[in-house]
Amino acid sequence: MAWLRLFAVFTRIGALNELAYRVNFAVQALESVVAASTVLGAVAVVFSQTDRLGDWQVWELVALIGVYFLVLGMINLVLAPSMAKFMEDVQQGTLDFTLTKPEDAQVLVSVSQVQVWKVIDILVGVGLLAVAIHRLGDTLGVLEASAFVVTLLAGAAIVYSLWIMLATLTFWFIRIENILMVFWNVYIAGRWPVTIYPGWLRLLLTVVVPIAFAVTVPAEAISGRLSALTLLSSVGLAVVMLIVSRWFWRFGLKRYSGASA
Amino acid sequence: MTAILAAYPTLFRIALATMIQYRVSGLIWMIGSVLEPVIFLVVWSVAARSAGGSVGGMDPHDFAAYYMLVLVVNHLTFSWITEIFQYRIQYGMLSFQLLRPLHPIHQDVADNVAYKLVNLIVIAPALAVCWFLFEPRFPVAWSLPYAVLALPMGFAARFLLDWSVALVAFWTTRVMAVNRIYYAILWFTSGRMAPIALLPGVLRPLAHALPFYYALAFPVELALGRLTPAEVWRGFAMQVLWVGVGALIITTVWRAALRRFTAVGT
């Protein structure tokens, strides 16, 4: 579990850096509150006209939005800033400094930057989840809770693998940071359960940009509608994508020629 | 005035050359522009079916027509100026622009108009696909010709107000929070999140008082013939009012802003 130790180290460095700029905490808190109110407001407007959306009730949607912010926070806390730093390092040749360190390079580039204030999005997500679960009553047994944790971890692994593969493309194309904008442009679709979308869009959100597994599936686990098949495919896809992305990273790294080349 | 107009052909050439250079970034931006209205088309269609066929008198075919037009009108009236103005000041790009004998807003107008027209190439097939997938119902609307007039007015109102809000960057570098709040208000009251007839509580009168409905959903509802003649005239009056307010803010605040500006950069 070397990555956990490294993550802790980089979190401490990130925290030390950010504690010098405490106003950023208030600014980030304001931004998170505005973002959460916007998304929840949209749900409130829709549910002022109907009492269910497809087969989703309002508190199940609040739980889904909780997962949405939880995943968003995890991406922005460490993955997005680290990948941005990594792509910059490849462009400038400063990845040399990472490669000479006596740790696994993929782990190092994956956790190298931690934007600590983004933890607020994670807290907002957890808060929404707590309220939603409370309102949904006693449907959350041990089985659902563990299914939730498993699918959330699988979703995180799938998102991570996708990002590291997209970022690895930078070894070939150098200026590719825009490709991650594709992810952000599509991620907004995850504010609603992908099951309401028509087939072609659901396919896109499951296979091309797998936010279905990152957001909808864990939310399904909470409302107890998760099928064993979905659970298995989520875990299966996570394992496959972790292996493929690892292989792709090593393959791409061979192309790197360093600053002096 | 004629000198400014004479500069526009060159400004358009610069805008087009930049766009061709960064064509992939432009295309990636378009994913979001197309996807958001499609998401709400689907959400409201599902809501309508869940509520027994229609909500607020609109069924899925009406929502399809509404959101296909929102897609077009939002593309034609949005601007990205609030997102980038901060960087112009931070990285000193504004210093160069101020050296020119032309207000920087004119290059922004040219950039926006060129981007909108060129990217209709993306909008057109997206609409064709939507037509095929969602079977919209477009009524024959008496007010359709007025929509053609309301569209450039809507662009003018939204562009001038975006530019006004962007000027906040002269006073603080933390404009992100300001932008988020501005966009949240725009999003709810413009007709993008929901047709404003469906908004609950205070949101509906708020939408009628603020400029964003007149910039976006007003041309859409004109094209669909959903407004009474009185509402049409009120809409045009509000458009004129908000274009005036935007122009006034920019002319007065711009001078104060320039006095504050200390050049940063090279």
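This structure is a prediction, so every number in the text was calculated from the model and none was measured.

Caption draft 1: View of the pattern of salt bridges. Within this structure, the stated rule accounts for ten salt bridges over all chains. Linking E60 of chain A and R225 of chain A is a salt bridge whose minimum nitrogen-to-oxygen distance equals 2.4 Å. With a gap of 165 residues between them, E60 of chain A in helix α3 (residues 58-92) and R225 of chain A in the loop between α11 (211-222) and α12 (228-253) connect regions that are remote in the sequence. According to the relative accessible area criterion, E60 of chain A is buried, its value standing at 10%. Two residues, R137 of chain B and D59 of chain B, come together in a salt bridge whose shortest N-O distance is 2.9 Å.

Caption draft 2: Just the interface of chain B and chain A, in detail. Across the contact, 35 residues belong to chain B and 33 residues belong to chain A. Across the chain B/chain A interface, buried area totals approximately 2,800 Å², and carbon plus sulfur atoms make up 77% of it. Our count for the chain B to chain A interface comes out at one salt bridge. Between R180 of chain B and E31 of chain A there is a salt bridge; the shortest N-O distance is 3.6 Å. Taken together, the connections running from chain B to chain A amount to four residue pairs in polar contact (both at pLDDT 80 or more). Elements with a contribution of two residues or more to the side of chain B that touches chain A: α2 (23-50), α7 (120-134) and α9 (175-189) of chain B. Here the side of chain B that touches chain A takes 16 residues from α2 of chain B, the largest share from any one element. Each residue belonging to the side of chain B that touches chain A can be placed in one class, and the counts come to 28 nonpolar, four polar and three charged.

Caption draft 3: Main features of the nonpolar core. With 179 residues, the main nonpolar core has L53, W192 and Y197 of chain A together with W44, F85 and M193 of chain B as its most contacted residues. When residues in this core are grouped by element, the largest group, 20 residues, is from α3 of chain A. For L53 of chain A, the contacting residues outside a window of four places in its chain are V46, F47, L61, W192 and I196 of chain A together with V43, V46, A47 and S50 of chain B.

Caption draft 4: Region of the structure containing unusual backbone geometry. Backbone geometry at E135 of chain B places phi at a positive 45 degrees, although glycine is not the residue there. Residue placement: E135 of chain B occurs in the loop between α7 and α8 (144-166).

Caption draft 5: Spatial organisation of the packing of helix α7 (residues 142-168) of chain A against α12 of chain A. Residue and element names in this part refer to chain A. Contact geometry of α7 with α12 gives a least axis separation of 8 Å together with a crossing angle of 25 degrees. As the angle between them shows, α7 and α12 are arranged roughly parallel. For the pair α7 and α12, the sense of crossing is left-handed. Across from A147, V150, T151, A154, A157, I158, Y160, S161, L162, I164, M165 and T168 in α7, the residues of α12 making contact are L231, S234, V235, L237, A238, M241, L242, V244, S245, F248, W249 and G252. Partitioning the contact of α7 with α12 into residue classes produces 18 nonpolar, six polar and no charged.

Caption draft 6: Highlighting the packing of aromatic side chains. In the structure shown here, the tally under the stated rule is 46 aromatic pairs over all chains. Taking 6.3 Å as the distance between ring centres and 35 degrees as the angle between the ring planes, the aromatic pair formed by W29 of chain B and F78 of chain B counts as tilted. One end of the pair, W29 of chain B, is in helix α2; the other, F78 of chain B, is in the loop between α3 (60-77) and α4 (81-90), and 49 residues separate them in sequence. Overall, W29 of chain B belongs to the partly exposed group, its relative accessible area being 40%. Here the aromatic rings of Y213 of chain B and Y214 of chain B are separated by 5.0 Å at their centres, their planes lie at 75 degrees, and the arrangement is edge-to-face. Look at Y213 of chain B and you get buried, because its relative accessible area is 3%. Assessed through its relative accessible area of 2%, Y214 of chain B is described here as buried. Through a chain of ring-to-ring contacts, the aromatic side chains of W142, Y146, Y213, Y214, F218, W233 and F236 of chain B assemble into a single cluster. Positioned over the ring face of W56 of chain A is R225 of chain A, at 4.2 Å from the centre of the ring.

Caption draft 7: Structural detail: the environment of F10 of chain A. Residues and elements named next belong to chain A. Summarising the element assignment, F10 is placed in helix α1 (residues 2-18). Residue classification places F10 among the buried residues on the basis of a relative accessible area of 18%. In sequence terms F10 and L108 are 98 residues apart; their C-alpha atoms lie 9.5 Å from each other. Those residues in contact with F10 that sit more than four places away from it in its chain are L108, V111, S112 and V114.

Caption draft 8: Quick look at the environment of N112 of chain B. All names here are of chain B. As for its placement among the helices and strands, N112 is situated in helix α6 (residues 105-118). Sequence separation between N112 and A15 is 97 residues; the distance between their C-alpha atoms is 8.3 Å. Once you skip the residues sitting within four places of it in the chain, N112 turns out to touch F78, S79, W80, F155 and F159.

Caption draft 9: View of helix α13 (residues 229-260) of chain B. Residues and elements named next belong to chain B. Here α13 is 32 residues long and its end C-alpha atoms lie 46 Å apart, about the 46 Å a rise of 1.5 Å per residue gives. At W254, α13 shows its maximal bend, which comes to roughly 30 degrees. Considered for burial, the residues of α13 that qualify are V232, G235, F236, M238, Q239, W242, V243, G246, I250, W254 and A257.

Caption draft 10: Examining the layout of surface pockets more closely. Residue and element names in this part refer to chain A. Its boundaries defined by the atoms lining it, the second largest pocket holds a volume of some 760 Å³. Lining of the second largest pocket is provided by 19 residues; of these, W3, V78, A156, A157 and Y160 occupy positions nearest its centre. Taken together, the residues of the lining of the second largest pocket break down into 18 nonpolar, one polar and no charged.

Caption draft 11: Seen up close, the side chain of T38 of chain A. Among the structural elements, T38 of chain A can be located in helix α2 (residues 23-47). Not counting chain neighbours up to four residues away, the residues in contact with T38 of chain A comprise A184, W187 and F188 of chain B.

Caption draft 12: Fine view of a nonpolar patch on the surface. All names here are of chain A. On the surface, V150, V235, V239 and I243 cluster together into a nonpolar patch covering about 310 Å² of accessible area. It is α12 that contributes the most residues to the nonpolar patch, three residues altogether. Following the sequence through the fold, I243 ends up in helix α12.

Criteria and cut-off values
- Residues numbered from 1 in each chain as written.
- Chains lettered and ligands numbered in written order.
- Predicted model: local features only at pLDDT ≥ 70, side-chain atom pairs only at ≥ 80, totals over all residues.
- Heavy atoms only, no water.
- Salt bridge = Lys/Arg side-chain N within 4 Å of Asp/Glu carboxyl O.
- Helix = DSSP H or I, 4+ residues; strand = E, 2+ residues; numbered from the N terminus.
- Buried < 20%, exposed > 50% of the residue type's maximum accessible area, 1.4 Å probe, protein only.
- Contact = heavy atoms within 4.5 Å.
- Buried area = accessible area lost by both parts, 1.4 Å probe.
- Polar contact = N/O pair within 3.5 Å; in protein donor to acceptor, adjacent residues only side chain to side chain.
- Nonpolar A, V, L, I, M, F, W, Y, C, P; charged D, E, K, R; others polar.
- Core = buried A, V, L, I, M, F, W, Y, C linked by side-chain atoms within 4.5 Å.
- Axes fitted to C-alpha atoms, helices over the stretch in contact; angles between N-to-C directions.
- Parallel < 35°, antiparallel > 145°, perpendicular 65-115°, else oblique.
- Left-handed = near helix turned anticlockwise from the far one by under 90°.
- Phe/Tyr/Trp six-rings, centres within 6.5 Å; stacked < 30°, edge-to-face > 60°.
- Lys NZ or Arg CZ within 6 Å of the ring centre and 35° of its normal.
- Expected span 1.5 Å × (residues − 1).
- Bend = angle between axes of the 7 residues up to and from the residue.
- 1 Å grid on protein atoms, 1.4 Å probe; cavity = no way out; pocket = protein on both sides within 12 Å on 5 of 7 lines; lining within 4 Å.
- Points joined across faces, edges and corners; volume = space filled by probe spheres on them.
- Patch = residues over 30% accessible without salt bridge, like charges linked within 9 Å, V, L, I, M, F, W, Y side chains within 5 Å.
- Areas by Shrake-Rupley, 256 points an atom, 1.4 Å probe, with all protein chains shown as cover.

Note that every value here comes from positions in space, so none of it alone points to a role or purpose.
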